[in-house]
Amino acid sequence: MTVKLDINPIKAWLPNIDNPLLIAGPCSLESEEQALETARLLAQDKRVFVFRGGVWKPRTRPGSFEGVGSIGLKWLQKVKEETGLPVGTEVANAQHTEEALKAGLDVVWIGARSTASPFVVQEIADVVKGSNAVVMVKNPVNPDVQLWMGALERISQAGIKNIVAIHRGFTPFRETKYRNYPNWKTFIELKRNMPNLPIICDPSHIAGTREYLLEISQKAFDMGMDGLMVESHRDPSCAMSDASQQLTPADLGKMLDKLVIRNENA
Ligand code: PEP
Ligand code: MN
């Protein structure tokens, strides 16, 4: 069933945009210096419009780095002050969301593990409503378009108009060279059902390794997606999470140079 969400186009909340929506930044913020240095390098590339940095990291299994927590919000504030880029992080409950909005973040996104929980999505929607924050909703880990749409509807029904969907691939059920398999049919179905919803691609979590980022990003634009969220770290070799899929800001620039971008929606 087609649902016309009451939604603002990207240009309404990002007036300076003249390109596809490109979001970049580290998987995890690790220190103030790492956040600022990565952001400075990314801001030199005028194609990057939003800086991302994870502070609460939803690790599949315990025992690995789970993010720096609330202190990272201060580093995002500094990134914004210094570079002028809007900043965003992943939130997974009402408390994260309250803290992120209080810190003046422009964007919060719901991660793939949280999109699968209607209660979590609802509590985040209830905190964001009434603010101007942008809410981005990643697909759930399982290829269930209804669940993804349900999350987007919950955000929309709270009166939030700055909404973006992110395709980050699905947990593979058969062998694939990718970490999470992209399902372009799912994208087409979402687009058909919610025609005015901006949808971007997260090639980093689909790929799992740097070598596949270009082909996935190109495919996303060929399919008519509205932008990319790409993980970028000043020195991926020592990243505390997702080291093998992150690009230096310079390598991100080289990848963008190679992409043939056809996009009329930004
Ligand atoms: C991330 O963006 O770093 C992340 C954890 O993503 P996902 O929810 O897609 O796994
Ligand atoms: Mn990551």
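The structure contained in this document is the topic of the report that follows. Because the structure is predicted, anything quoted here is derived from the model rather than measured.

A look at the pairing of strand β5 (residues 134-138)
Argument step 1. Counting buried positions along β5 yields five of five residues, so the element is predominantly enclosed.
Argument step 2. Burial along β5 is two-sided: Val 134, Met 136 and Lys 138 facing one way and Val 135 and Val 137 facing the other are all buried.
Argument step 3. Sheet topology note: the strand β4 (residues 107-110)/β5 ladder contains four bridges and is parallel. Counterpart to Val 108 in the pairing with β5 is Val 135.
Argument step 4. When β5 meets strand β6 (residues 163-167), the two strands line up parallel, connected through four bridges. By the bridge assignment for β6, Met 136 is matched with Val 164.
Argument step 5. In this fold, β5 hands off to helix α7 (residues 145-157), which returns the chain to β6; that crossover is right-handed.

Topic: unusual backbone geometry
Argument step 1. In this structure, Asp 242 is a non-glycine residue whose phi angle is positive, near 50 degrees.
Argument step 2. For Asp 242, the position within the fold is in the loop between β8 (227-231) and α11 (249-258).

Observations concerning the nonpolar core
Argument step 1. If you look at the biggest cluster of nonpolar residues, it comprises 67 residues, and the most contacted ones within it are Val 108, Val 135, Val 137, Leu 152 and Ile 200.
Argument step 2. No other element matches helix α6 (residues 118-128), which puts six residues into this core.
Argument step 3. If we ignore the near neighbours within four places in the chain, the residues touching Val 137 are Ile 110, Thr 115, Ala 151, Leu 152, Ile 155, Ala 165 and Ile 166.

Regarding the site of ligand 1
Argument step 1. Every residue near ligand 1 is listed here: Cys 27, Gly 54, Pro 58, Glu 90, Gly 111, Ala 112, Lys 138, Arg 168 and His 205.
Argument step 2. Along the lines of polarity and charge, the residues of the shell around ligand 1 split into three nonpolar, three polar and three charged.

What about the pairing of β8?
Two faces make up the sheet, and in a regular strand the side chains alternate between them.
Argument step 1. When you tally the buried positions in β8, you get five out of five residues, the bulk of the element.
Argument step 2. Both faces of β8 are covered, namely the face carrying Gly 227, Met 229 and Glu 231 and the face carrying Leu 228 and Val 230.
Argument step 3. As paired strands, strand β1 (residues 21-25) and β8 are joined by five bridges and run parallel to one another. Counted as the bridge partner of Leu 21 is Gly 227 from β8.

Details of the environment of Gly 54
Argument step 1. You can see Gly 54 is positioned in the loop between β2 (50-52) and α3 (71-83).
Argument step 2. Note on Gly 54: 24 C-beta atoms within 10 Å, which makes it buried.
Argument step 3. As a C-alpha pair, Gly 54 and Arg 174 span 120 residues in sequence and 29 Å in three-dimensional space.
Argument step 4. If we skip the residues at most four places from it in the chain, Gly 54 touches Cys 27, Ser 28, Leu 29, Gly 67, Thr 89 and Glu 90.

What counts, and at which threshold
- Residues numbered from 1 in each chain as written.
- Chains lettered and ligands numbered in written order.
- Predicted model: local features only at pLDDT ≥ 70, side-chain atom pairs only at ≥ 80, totals over all residues.
- Buried ≥ 20, exposed ≤ 12 C-beta atoms within 10 Å, placed from the backbone.
- Helix = DSSP H or I, 4+ residues; strand = E, 2+ residues; numbered from the N terminus.
- Pairing = 2+ DSSP bridges.
- Right-handed = clockwise from strand over helix to strand, strands pointing away.
- Core = buried A, V, L, I, M, F, W, Y, C linked by C-beta atoms within 7 Å.
- Contact = placed C-beta atoms within 7 Å.
- Near = placed C-beta within 6 Å.
- Nonpolar A, V, L, I, M, F, W, Y, C, P; charged D, E, K, R; others polar.

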